[in-house]
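# Inside the fold
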Amino acid sequence: MIKGAQLYEGKAKKVFATDDPDLLIVSYKDDATAFNGLKRGTVAGKGAINNRMSNALMQRLQQRGIPTHFVQELNDRETLVRRVDIVPLEVIVRNLAAGSFAKHYGVEEGRVLQTPTVEFSYKNDALGDPLMNASHAVALGLATPQEIDTIQTYALRINEELRAFWRTCGVTLVDFKLEFGRLRNGAIVLADEISPDTCRFWDSETGEKLDKDRFRRDLGGVEEAYREIMRRLTARL
Ligand code: TMP
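Here the structure is a predicted model, which is why all the values come from computation and not from measurement. One numbering rule holds for all chains: residues counted from 1, following each sequence as written. Where totals are concerned, whole chains, interfaces and linings use all residues; where local detail is concerned, this predicted model gives features only for residues with pLDDT of at least 70, and gives and counts side-chain atom pairs only at 80 or more. Remark: hydrogens and water are excluded; side-chain values derive from all non-hydrogen atoms of the structure.

## What to know about the site of the ligand
Selection rule: In these notes, residues near a molecule or strand are those with any non-hydrogen atom within 4 Å of it. By the criterion applied in these results, polar contacts are pairs of N or O atoms within 3.5 Å in which, for protein atoms, one can donate a hydrogen and the other can accept it, and in which residues neighboring in sequence qualify only through two side-chain atoms. Here the open area of atoms and residues is found with the Shrake-Rupley method and a 1.4 Å probe, where only the protein chains shown may cover a residue. Only runs of H or I of at least four residues qualify as helices and only runs of E of at least two qualify as strands under DSSP, and these elements are numbered from the N terminus.
In the vicinity of the ligand, 13 residues are found, and the nearest of them are Arg 94, Ser 100, Asp 175, Lys 177 and Arg 200. The contact in question runs from an oxygen atom of the ligand to an N or O atom on the side chain of Asp 175, over 2.5 Å. Between an oxygen atom of the ligand and a side-chain N or O atom of Arg 200, the distance comes to 2.9 Å. Here the ligand has 450 Å² of accessible area as a free molecule, and 76% of this is covered by the chains. Going through the elements one at a time, β9 (89–96), α2 (99–105), β12 (171–182) and β14 (199–203) are the ones with two or more residues in the shell around the ligand. Per element, the largest residue contribution to the shell around the ligand is three residues, and it comes from β12.

As structure tokens, this is what we get:
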């Protein structure tokens, strides 16, 4: 596989072309941002951890019938993925109230929700990723009703799989963000990443945060938390 030109640089990843038009190389950076890029930093070792964790989880999901963009891990930081057209929605699944949900509805962080929830944000940095309901997404032509239905179904199945897996690692999966894309044939697949950047992970016993909230909230121990959550994952693979 020949690595071609850089097509895109995001806040945490770069994307490169390959000699196959249907395949791309994703390269994970150690850069971290929060609050729509207002807060910036680096987390040493994060790129490699996010790459390896996301790949391990996507392979697990794929084995359980959820299609993903994952093709092959190339090295510590780089992965070969299927080229998709990203559906511009951030798909957030929650099991416990935290973050923006706790704030919007005035509930304490850590309240166990009676059922898992799925919500969408419009993936648009200029607008600050505003919340968006399914009807708005369809009205704006961001996704068809069938695509929304598939995305919701996959998101809840992914939640069940991931929640059960993390429980065996002594970790509560509080909430997480997914992105989906369309293959050339229109099929919806899971894309982007599943990592401590995009999930809230709490130690099941102590409640200690083992994710990017340590960076967002200046809690310290960011690198250690990324290493610890990776250690828990590796021990169960
Ligand atoms: P929130 O409570 O701030 O809305 O975040 C919900 C989940 O989504 C949490 O696990 C962190 C993740 N997330 C991202 O992956 N990217 C983002 O830009 C934001 C705001 C949250």
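## Observations concerning the pattern of salt bridges
Condition: The rule for a salt bridge is simple: a side-chain nitrogen of Lys or Arg has to be within 4 Å of a carboxyl oxygen of Asp or Glu.
Scanning the model with the defined rule gives 28 salt bridges in all. For Lys 13, the salt bridge is made with Asp 192, and the minimal N-O distance between the two is 2.8 Å. With Lys 13 in strand β2 (residues 13–18) and Asp 192 in the loop between β13 (188–191) and β14, this residue pair connects regions lying 179 residues apart in the sequence. Through salt bridges with shared partners, a single network forms among Arg 94, Glu 109, Glu 119, Asp 175, Arg 200, Asp 213, Arg 216 and Arg 217.

## Digging into the packing of aromatic side chains
What counts is decided by this rule: Between rings of Phe, Tyr and Trp, where Trp is taken as its six-membered ring, a pair exists when centres lie within 6.5 Å; planes separated by under 30 degrees are stacked, by over 60 edge-to-face, and by other angles tilted. Exposed residues in this analysis have more than 50% of their type's maximum accessible area, buried residues have under 20%, and partly exposed residues fall in between, with area computed by a 1.4 Å probe over protein chains only.
Taken as a whole, this structure holds four aromatic pairs when the rule is applied. Look at Phe 101 and Tyr 105: their rings are 4.9 Å apart centre to centre, the planes differ by 65 degrees, and that puts the pair in the edge-to-face class. Pair noted here: Phe 101 and Tyr 105 are both in helix α2, with a separation of four residues, about one helical turn. Among the residues examined, Tyr 105 registers a relative accessible area of 53% and is labelled exposed.

## Regarding the environment of Arg 64
To keep things clear, this is the line we draw: Whether two residues are in contact is decided by their heavy atoms: any pair within 4.5 Å suffices.
Note on placement: Arg 64 falls in the loop between α1 (46–63) and β6 (70–73). Sequence-wise, Arg 64 and Thr 115 are 51 residues apart; in three dimensions their C-alpha atoms are separated by 22 Å. What Arg 64 contacts, discounting residues up to four positions off in sequence, is Arg 157 and Glu 161. A distance of 3.4 Å separates a polar atom in the side chain of Arg 64 from a polar atom in the side chain of Glu 161.

## What to know about the sheet that holds β6
Quick reminder of the rule: Only when DSSP finds a minimum of two bridges between them are two strands counted as paired. Between the N-to-C directions of two axes lies an angle of 0 to 180 degrees, each axis being a line fitted to C-alpha atoms and, for a helix, fitted only over the stretch in contact.
The antiparallel open sheet is built from five strands, whose spatial order is β1-β2-β3-β7-β6. Each edge of the sheet is formed by a strand with only one pairing partner; in this case those strands are β1 (3–9) and β6. Mean inter-strand twist for the sheet, computed between neighbouring axes without regard to direction, equals 30 degrees. For β2 and strand β3 (residues 23–28), the ladder comprises five bridges, and the chain directions are antiparallel. Bridging from a neighbouring strand, Lys 14 pairs with Ser 27 of β3.

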